Amino acid sequence: MNGCKNIVSGILLLLVSGFSSVFAQTTTTVKGLITDSRTGAPLPFVNVFIPGTSIGTGTDADGKYQLDVSITRDSIRFAYMGYKSITQKIRPGVVQTINVKLESTAKTLNEFVVKKKKERYRNKDNPAVELIRLVVENREKNRMTHYDYAQYNQYEKLEFALSNLSEKISNGRLTRKYKFIFENQDTTKFAGKSILPIYLEEKLADVYYRRDPEKKKTIVTGDKKVSFEDFIDNRGLSQYLNHIYQDVDIYDNQLMLFTNQFLSPIANTAPTFYKFYIADTIVAPDSTKLVKLEFYPRNKTDLLLEGELFITLDGNYAVQKADMTANKEINLNWVRDFHLYFDFEKTADGRYFTNKQTLMADFGIFKGSSGIYGERTVSKRNMVINQPKPSEFYNGSSVVEDEKAVQKGDDFWVQNRHDSLSVAESKVYSNIDSLQHMKSFRRTADLLTLLLAGYKQAGPYFEIGPVNTFYSFNPVEGFRPRFGGRTTPRLSKSLYFESYGAYGLKDYKWKYYFGGAYAFNHKSIYDWPVVALKANYQHETKIPGQELQFVQEDNFLLSFKRGNNDKWLYNKIFNLTFIQEFTNHLSYQVGFKHWIQTPAGSLAYYKGSEPNTPVTNLTTAEFSGELRWAPNEKFYQGKSFRIPLPNKYPIFTLRGIAGVKGIGNSAYNYQNVSLNIYKMCYLGQLGFSEVVLEGSNIFGSHLPYPLLSIHRANQTYAYQLESYNLMNFLEFVSDHYIGLNIDHNFNGFIFNKIPLFRKLKWREVLAGKILYGGLRTENSPSANPDLIQFSKYTDGSSFTYTLGREPYIEGSVGISNIFKLIRVDLVKRFTYLNNPGVANWGIRTRVRFDF
């Protein structure tokens with residue numbers, strides 16, 4: 001019996017082995033790369049199929065394909081609109097690589113384009129327009145937000161590389177030490193150019209979506225990036241690069257690319273701005289019929305796209321693939337060429353979701369010169385629909401990331417990456433790490449940090465700066481040398497110290513600052529989110545009413561001012577502040593401030609009419625609290641300031657101050673409540689507006705005017721968004737006010753239609769500022785001689801006023817993007833023109849890097 005069992009088992013084993021061999025012999029895998037025979041550029045969305053069958057696939061955004069065939073066939077065909085089709089022999093039963101170069105049918109395409117130009121294009125009775133309107137009508141049901149619940153695994157890869165490097169750079173004397181870096185160039189990714197990867201970051205996450213109440217929760221499982229943390233804000237760099245390469249949903253009306261809004265070809269108003277043509281009909285491998293739809297902008301200079309869409313004819317009218325770029329004539333800085341690719345995958349219910357999105361761009365100043373290549377790929381897998389998690393799962397932060405837990409080893413990434421890295425990409429992490437350990441590179445990076453950020457390392461534990469404040473001048477202090485520095489996180493992860501000293505060569509007075517901070521979360525106090533206690537003491541000068549953004553007041557370039565600006569203060573200030581920031585971008589801070597202010601220059605404090613009583617100084621003590629909410633805020637943390645990266649979300653800042661009499665000779669009780677709301681408003685083809693609405697009210701009576709709201713003035717030649725550019729320092733004082741500032745950039749919407757301006761790529765800007773305010777009788781110096789009176793010029797005329805029934809109004813028109821950096825405004829003041837020493841007109845400039 002046992003012998004029979006063994007025989008039967010042996011027969012079954014032979015049968016199984018035989019069938020396995022048969023199946024192995026009839027399973028064929030073909031993969032490879034398809035490129036343009038002339039340019040070498042990878043071709044996306046090429047149809048790859050077995051002739052005479054419905055078996056096929058398409059190339060991805062990088063021109064790569066893989067087709068698995070389980071039937072015996074000896075040929076494979078490659079077909080693409082505008083190129084000659086090719087049929088190649090294949091070997092059944094083996095894995096093989098077939099790279100193909102397709103030849104463009106240039107003559108046919110040229111004739112096709114000319115025909116379109118000769119035809120009178122109309123939307124009416126145009127089947128392509130009717131089709132795109134069906135896509136728009138079905139847009140909502142083809143988005144992920146159509147589902148009650150959805151979840152998937154997401155992989156992101158962001159790469160930046162130097163492109164088109166000349167041999168002089170690669171083989172120069174200054175770069176010989178870095179030969180191992182320059183040997184890591186890739187010639188396959190970007191047609192006609194070699195690229196040298198210098199930055200790479202990868203992120204893996206599980207994403208969960210719930211429609212009602214709407215919540216998208218991302219749980220990061222892996223995060224890896226090249227680090228330059230000794231010299232720059234690595235997190236800020238990552239946020240800035242991702243700000244340029246934002247997530248894009250083709251079903252949105254507006255697509256944010258390189259900080260500019262492009263109208264989507266399937267937006268509600270797309271037929272008004274685009275021309276659509278049906279180019280071909282295709283049958284997908286799953287037998288779904290597709291229409292290849294080409295689209296072009298009606299006006300080549302508008303921020304519009306061009307390319308092709310593949311639309312399903314299964315009743316859903318969904319986008320199955322897309323390839324988009326922009327016309328070379330649009331007003332876009334620094335970007336020489338870009339392509340945006342979408343691949344979609346069918347879900348279990350027959351709809352499509354984006355399974356891969358790639359944005360590739362070539363940045364540079366001149367055509368053909370060296371530049372920067374950037375690429376961001378977002379890949380999504382394992383889509384599961386309508387399988388809810390418990391309701392409490394969706395609570396908490398939208399992004400969950402444990403900074404220590406997400407740091408994974410190489411084995412994790414090899415197993416979990418959706419796409420393998422190229423040879424050049426795989427060497428980036430180790431090459432940059434080796435580079436940063438080289439003394440020559442560190443010296444060079446240290447020098448660049450000094451020039452760009454203003455600080456220079458003086459050993460591992462201390463850095464000196466900011467260098468742009470080391471020398472300045474003003475009418476009160478004369479020439480003013482200054483020197484200072486601060487400790488680095490290498491000295492301590494919890495304790496930080498900063499100090500400087502300055503001396504006025506005209507007033508012969510020392511100014512100084514001593515400050516320290518303790519970080520309760522044992523992280524850098526410059527690294528978000530901050531949880532720290534800060535204390536400092538400062539003996540310094542200040543112009544009342546001057547508030548600057550992202551720059552120190554003693555910056556050398558701001559030493560140049562218009563008009564009379566010798567009204568200053570000597571301040572002795574002690575500050576104690578606790579600040580806590582949360583991961584949902586809500587933050588608060590509470591503090592105490594003791595302030596002794598002494599007038600300087602032509603500014604004088606006095607009470608009563610002639611003969612008056614001089615006031616040598618003013619002493620206050622105040623407690624303060626601030627609540628700030630900046631949803632989805634991103635920023636670059638500089639060495640001195642956080643530089644925000646604008647987005648569509650508002651920023652709310654609520655402040656409260658309570659002055660208390662009797663603390664440290666403080667002489668006044670008062671309360672001040674203020675609210676500031678900032679919003680970037682994107683208006684599609686009409687550009688964008690920066691809007692600031694703010695208001696304040698001071699509670700208290702018989703208060704000296706230096707404790708009231710001294711409105712932000714600007715007597716420099718720089719255009720400042722949140723200051724009044726034709727208001728003099730100390731010109732207006734209020735105890736209650738409300739102000740609205742609107743600064744609109746048309747992004748070249750008008751100039752793009754004027755030939756000369758279009759060539760220069762200038763852009764038009766328009767701004768308006770209005771300020772309502774006033775001074776209650778109990779705080780008015782004219783009604784209360786016992787209060788500090790408004791100061792006057794030597795001729796007896798006042799240089800400080802209060803706002804009456806008439807608001808302060810100023811506006812400006814200007815040209816931006818001059819040399820791609822400079823903005824020049826002609827500013828006009830409309831009210832209070834009879835105040836002495838004011839300018840009715842002015843020219844102001846601003847430098848800003850923007851796309």
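### Comments concerning the overall build of the protein
Helix and strand content of the protein: 12 helices and 45 strands. Taken over 851 residues, the protein has a buried fraction of 50%. Partitioning the intrachain contacts of the protein with sequence separation of at least 6 by distance along the chain shows that 63% fall at a separation of at least 24. Per element, the accessible surface of the protein, about 41,000 Å² overall, is 58% carbon and sulfur.

### Concerning helix H11 (residues 439-453)
Side chains three or four residues apart in an α-helix point the same way, a direct result of the helix having 3.6 residues per turn. Its 15 residues give H11 an end-to-end C-alpha distance of 20 Å, which sits within 8% of 21 Å, the value for a rise of 1.5 Å per residue. Within H11, the full set of buried residues consists of Ser 440, Phe 441, Ala 445, Asp 446, Thr 449 and Leu 450. Along its buried surface, H11 packs onto helix H10 (428-436) and strand S22 (456-457). At the exit of H11 stands Gly 454, carrying a positive phi of roughly 95°.

### A few points about empty space enclosed by the protein
Applying the stated criterion across every chain yields a total of 5 cavities of 30 Å³ or more. One number sums up the size of the largest cavity: a volume of about 160 Å³. As for the largest cavity, its lining consists of 13 residues, of which Asn 745, Ser 816, Asn 817, Arg 848 and Asp 850 are closest to the centre. Every element with two or more residues in the lining of the largest cavity is listed here: strand S43 (808-818) and strand S44 (822-829). Taken together, the residues that form the lining of the largest cavity break down as 3 nonpolar, 4 polar and 6 charged.

### Notes on the sheet that holds strand S3 (residues 56-58)
Reading across from one edge, S3-S2-S5-S6 is the order of the 4 strands in this open sheet, with antiparallel pairing throughout. The strands lining the two open edges of the sheet, one partner per strand, are S3 and strand S6 (86-89). Ignoring which end each strand starts from, the neighbouring axes of this sheet average 20° apart. The pairing of strand S5 (residues 75-79) with S6 spans 4 bridges and is antiparallel. When the sheet's bridge partners are listed, Ser 75 is paired in S6 with Lys 89.

### Quick word on the pairing of strand S26 (residues 495-503)
Note: strand S25 (residues 478-487) against S26, 5 bridges, orientation antiparallel. Note that in S26 the partner of Arg 486 across the bridge is Glu 498. Sheet topology places S26 next to strand S27 (residues 510-519); 9 bridges connect them, and they run antiparallel. Bridge assignment links Leu 495 to a residue of S27, and that residue is Tyr 518. From the end of S26 to the start of S27, which pair antiparallel, there are 6 residues, and Tyr 508 there has a positive phi angle of about 55°.

### Points about the sheet that holds strand S10 (residues 195-210)
With mixed pairing, 11 strands are arranged side by side in an open sheet as S14-S15-S16-S17-S18-S19-S20-S9-S10-S11-S21. What marks the edges here is a single partner per strand, and that holds for strand S14 (274-283) and strand S21 (399-400). Each of strand S9 (149-163), S10, strand S11 (215-225), strand S19 (352-363) and strand S20 (371-385) is contacted by helix H6 (residues 234-244), which is oriented at about 80° to S10, the strand it contacts most. Lying on the sheet, H10 is in contact with S10 and S11; it crosses S10 at an angle near 125°.

### Some remarks on the confidence of the model for the protein
For the protein, mean pLDDT is 84; residues scoring 70 or higher make up 89% of the total. Note that residues 106-118 has pLDDT below 50 and, in this model, 6 contacts with residues that lie over four places away or in other chains. Contacts from residues 548-554, a stretch scored under 50 in pLDDT, to residues over four places away or in other chains number 24 contacts.

### Considerations on the pattern of salt bridges
By the definition in use, this model includes 33 salt bridges. In this structure, Asp 74 and Lys 89 form a salt bridge, with 3.7 Å as the shortest nitrogen-oxygen distance. Within this pair, whereas Asp 74 is found in the loop between strand S4 (64-69) and S5, its partner Lys 89 is found in strand S6, the two being separated by 15 residues in sequence. Three or more residues joined by partner-sharing salt bridges are found here, namely Glu 477, Arg 480, Asp 507, Lys 511 and Glu 540.

### Remarks on a nonpolar patch on the surface
A contiguous nonpolar patch, built from Leu 495, Phe 497, Tyr 518, Phe 520, Leu 533, Tyr 537, Phe 574 and Leu 576 and spanning about 670 Å² of accessible area, is present on the exposed surface. Residue assignment for the nonpolar patch shows that the elements contributing at least two residues are S26, strand S28 (531-542) and strand S29 (567-581). Residue placement: Phe 574 occurs in strand S29. A relative accessible area of 32% means that Phe 574 is categorised as partly exposed.

### Let's talk about the side chain of Thr 259
Among the secondary structure elements, Thr 259 is positioned in the loop between strand S12 (254-257) and strand S13 (260-263). Thr 259 gets classed as buried once you look at its relative accessible area, which sits at 17%. In this structure the side chain of Thr 259 is engaged in a polar contact, spanning 3.4 Å, whose partner is the side chain of Asp 850. Apart from the residues within four sequence positions on either side, Thr 259 is in contact with His 243, Ile 244, Asp 850 and Phe 851.

### Brief notes about the side chain of Asp 36
Note on placement: Asp 36 falls in strand S1 (residues 28-36). This buried residue, Asp 36, is left without a salt bridge; Arg 38 holds the nearest opposite charge, at 4.8 Å. A distance of 2.7 Å separates a polar side-chain atom of Asp 36 from the backbone nitrogen of Arg 38. Excluding residues that lie within four positions of it along the chain, Asp 36 makes contacts with Ala 41, Leu 43, Tyr 83 and Leu 102.

### Some words on the environment of Arg 143
You can see Arg 143 is positioned in the loop between helix H3 (127-137) and S9. On the accessibility criterion, Arg 143 (16% relative accessible area) is buried. Sequence separation of Arg 143 and Asp 249 is 106 residues, and the distance between their C-alpha atoms is 8.9 Å. With sequence-adjacent residues up to four places away left out, Arg 143 is seen in contact with Asp 249, Tyr 251 and Asp 252. A distance of 3.2 Å separates the side chain of Arg 143 from the backbone oxygen of Tyr 251, its partner in a polar contact.

### Regarding H10
Val 428, Tyr 429, Asn 431, Ile 432, Leu 435 and Gln 436 are the residues of H10 that are buried. Looking at the packing, one finds that the buried side of H10 touches helix H5 (179-182), S10, S11, helix H9 (423-426) and H11.

The rules behind the values
Residues numbered from 1 in each chain as written. Predicted model: local features only at pLDDT ≥ 70, side-chain atom pairs only at ≥ 80, totals over all residues. Heavy atoms only, no water. Helix = DSSP H or I, 4+ residues; strand = E, 2+ residues; numbered from the N terminus. Buried < 20%, exposed > 50% of the residue type's maximum accessible area, 1.4 Å probe, protein only. Contact = heavy atoms within 4.5 Å. Areas by Shrake-Rupley, 256 points an atom, 1.4 Å probe, with all protein chains shown as cover. Expected span 1.5 Å × (residues − 1). 1 Å grid on protein atoms, 1.4 Å probe; cavity = no way out; pocket = protein on both sides within 12 Å on 5 of 7 lines; lining within 4 Å. Points joined across faces, edges and corners; volume = space filled by probe spheres on them. Nonpolar A, V, L, I, M, F, W, Y, C, P; charged D, E, K, R; others polar. Pairing = 2+ DSSP bridges. Axes fitted to C-alpha atoms, helices over the stretch in contact; angles between N-to-C directions. pLDDT = per-residue confidence, 0-100. Salt bridge = Lys/Arg side-chain N within 4 Å of Asp/Glu carboxyl O. Patch = residues over 30% accessible without salt bridge, like charges linked within 9 Å, V, L, I, M, F, W, Y side chains within 5 Å. Polar contact = N/O pair within 3.5 Å; in protein donor to acceptor, adjacent residues only side chain to side chain. Lys, Arg positive; Asp, Glu negative; His and termini not counted.

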